[in-house]
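Here are the chains, one letter per residue:
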Amino acid sequence: MNFDEAMEFQAVFCDGAGAPITARACRALATGLDRTTVTGRRVLDWPGDYIADALPLRLVAPYHALFRRGSVPALNALFANEVADDSAVVRAATIVYDAWISDWLDGPPQTNEPARSATFMAALLVLADKYALPFELLEIGSSAGLNLLIDRYRYDLGGATSGPATSPVLIKPEWRGPPPPVAPVRIDSVRGVDVAPIDVTDSEAATRLMAYIWADAPERTQRVETAIRMIVSQPHNLDQGDAADWIEARFAEPQAAGTVRVLMHSIVWQYLPAETQSRVTDAMTAAGALATPDLPLAWIRMEPDATRLAIDVHLRAWPDGDTTRLAGAHPHGAWIEWTA
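Residues numbered from 1 in each chain as written. Predicted model: local features only at pLDDT ≥ 70, side-chain atom pairs only at ≥ 80, totals over all residues. Heavy atoms only, no water.

**Q** Looking at this structure, how should I read the overall build of the protein chain?
**A** Per the secondary structure count, the protein chain includes 11 helices and 12 strands. Its C-alpha atoms give the protein chain principal-axis dimensions of about 60 × 40 × 35 Å. The proportion of buried residues among the 340 residues of the protein chain is 54%. Considering only contacts in the protein chain between residues 6 or more positions apart, those separated by 24 or more positions represent 70%. (Helix = DSSP H or I, 4+ residues; strand = E, 2+ residues; numbered from the N terminus. Buried < 20%, exposed > 50% of the residue type's maximum accessible area, 1.4 Å probe, protein only. Contact = heavy atoms within 4.5 Å.)

**Q** Whenever I open this one, the sheet that holds strand E4 (residues 170–171) confuses me. Can you help?
**A** Sheet strands associate in pairs through backbone hydrogen bonding, adopting either a parallel or an antiparallel arrangement. If you walk across this open sheet you meet the three strands as E3-E2-E4, and the pairing is mixed. Pairing within the sheet leaves two strands with one partner each, and these edge strands are strand E3 (160–162) and E4. Relative to E3, strand E2 (residues 154–157) runs antiparallel, the two being bridged by three bridges. Across the sheet, aspartate 156 pairs through a bridge with threonine 161, a residue of E3. Where helix H7 (residues 117–131) meets the sheet, it contacts E2, E3 and E4, and its direction lies at approximately 75 degrees from that of E2. (Pairing = 2+ DSSP bridges. Axes fitted to C-alpha atoms, helices over the stretch in contact; angles between N-to-C directions.)

**Q** I keep staring at the side chain of serine 142 and nothing clicks. Help me out?
**A** Within the element layout of this structure, serine 142 appears in the loop between strand E1 (135–140) and E2. Not counting chain neighbours up to four residues away, the residues in contact with serine 142 comprise Asn112, Leu148, Gly192, Val193, Asp194 and Leu238.

**Q** Looking at this structure, how should I read the pairing of strand E10 (residues 311–318)?
**A** Within a regular strand, the side chains alternate between the two sheet faces. Of all the eight residues making up E10, six are buried; the element is thus mostly covered by neighbouring parts of the structure. With eight bridges connecting them, strand E9 (residues 297–304) and E10 associate as antiparallel partners. Each residue of the ladder has a partner; that of tryptophan 299, found in E10, is arginine 316. Hairpin connection between E9 and E10: a loop of six residues separates the two successive antiparallel strands, and arginine 308 in this loop has a positive phi of roughly 65 degrees. Inspection of the sheet shows E10 paired to strand E11 (residues 322–329) by seven bridges, in the antiparallel sense. Looking across to E11, one finds that leucine 315 is bridged to threonine 324. A loop of three residues connects E10 with E11, the two strands running antiparallel in sequence, and glycine 321 in this loop sits at a positive phi of about 80 degrees.

**Q** Mind showing me how you'd approach the pairing of E11 here?
**A** One ladder, built from three bridges, connects E11 with strand E12 (residues 335–338); its direction is antiparallel. Residue pairing in the sheet places glycine 328 in a bridge with glutamate 337 of E12.

**Q** Just to check I follow, could you spell out the packing of helix H1 (residues 3–16) against helix H4 (residues 55–69) for this structure?
**A** The axes of two packed helices give the description: the angle between them and the distance between them. Running from amino to carboxyl end, H1 crosses H4 at an angle of 80 degrees, the nearest separation of the two axes being 9 Å. In terms of orientation, H1 and H4 fall into the roughly perpendicular class. Of H4, the residues touching H1 (which contributes Phe3, Ala6, Met7 and Gln10) are Leu55, Pro56, Leu57 and Leu59. Along the lines of polarity and charge, the residues of the contact of H1 with H4 split into seven nonpolar, one polar and no charged. (Parallel < 35°, antiparallel > 145°, perpendicular 65-115°, else oblique. Nonpolar A, V, L, I, M, F, W, Y, C, P; charged D, E, K, R; others polar.)

**Q** Help me out: how do you make sense of the confidence of the model for the protein chain in this one?
**A** Regions with low pLDDT should not have their predicted coordinates read in detail. Of all residues in the protein chain, 100% attain a pLDDT of 70 or more, and the chain-wide mean is 94. No element of the protein chain has a lower mean pLDDT than helix H8 (residues 203–211), at 88, and none a higher one than E1, at 98. (pLDDT = per-residue confidence, 0-100.)

**Q** Would you mind showing me how to read the environment of leucine 157 here?
**A** Turning to its location among the elements, leucine 157 is positioned in strand E2. By relative accessible area, which is 0% here, leucine 157 ends up buried. Taking the C-alpha atoms as reference points, leucine 157 and serine 143, separated by 14 residues in sequence, lie 24 Å from one another. The residues touching leucine 157, leaving out its near neighbours within four places in the chain, are Ala118, Met121, Ala122, Leu125, Pro173, Trp175, Pro179 and Pro180.

**Q** Explanation requested: the sheet that holds E10 in the structure shown.
**A** An order of E5-E12-E11-E10-E9-E8-E1-E6-E7 is seen for the nine strands of this open sheet, with the pairing classed as mixed. In the strand order of this sheet, the two ends are held by strand E5 (174–176) and strand E7 (238–240), each with one partner. Adjacent strand axes in the sheet meet at a mean angle of 20 degrees, parallel and antiparallel pairs treated alike. As paired elements, strand E8 (residues 260–266) and E9 share six bridges and run parallel to each other.

Structure representation (structure tokens):
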């Protein structure tokens, strides 16, 4: 898959996810970049897999950031979905901000989204119904840690409610299919790790995070801004480190009696090196072999399917070790189609 094909692949995905502006930006970048700029040369000669590396989303973000800052007025029409010569707009912006835009390609997109917690909470309802035990939650690829606030959000999942009624964030995705089980969810601890965590208490870092939010979703912008204020007022437990190192260290710690230890992650697996994936999988398998009905283990995964065009939510629980596909989901949690 070449650059143009990758940008079109992402554009089709965005169209299907109800994000026509972001799709348009992808197509504009495909036609507007060439080898006359550093950014153009980097993307055209990209050494990895464009889609696995999320190159299209790395690339759209700096242009969205320039639009949000008002630095390039010509971008207004593109991101407002008004008539414009998109290729010319992209070329003009790239010439002026070439080095700055190129720097955004150095790391994966930080598409942290609180609404993804709805898929985690739905899976926790299944586990709470099965075990009636409190949870110890471990998240890898936490980014800014917005999903580490999972116990501080309010949820309405097809009529099944959970979380504090006074939360400033209500997560209520469009629910398709039957609701998940109704059961009390008690979360004793939530911890996360990221190889390059975003400190949203730093205004520049928070501004960068906001640029990764698709321009089509103002409700996401509002939700993330609220979550950031929640973190500023009450910090979460987010570490910096390698996912495999961190998981192995956590599993070396005793699991509290009468709790369910849960690993969870959302749209992060593709960014992990194969060795890291293998080590995390091995750690889960080894821990699962030691699980008992009083010390269960679970793995919640919200990740792209084999086509990379759809998102699946899977739950594996030990001691039985069975894996269940719970749902399909919008990449940012706008809807959940429950199939369990």
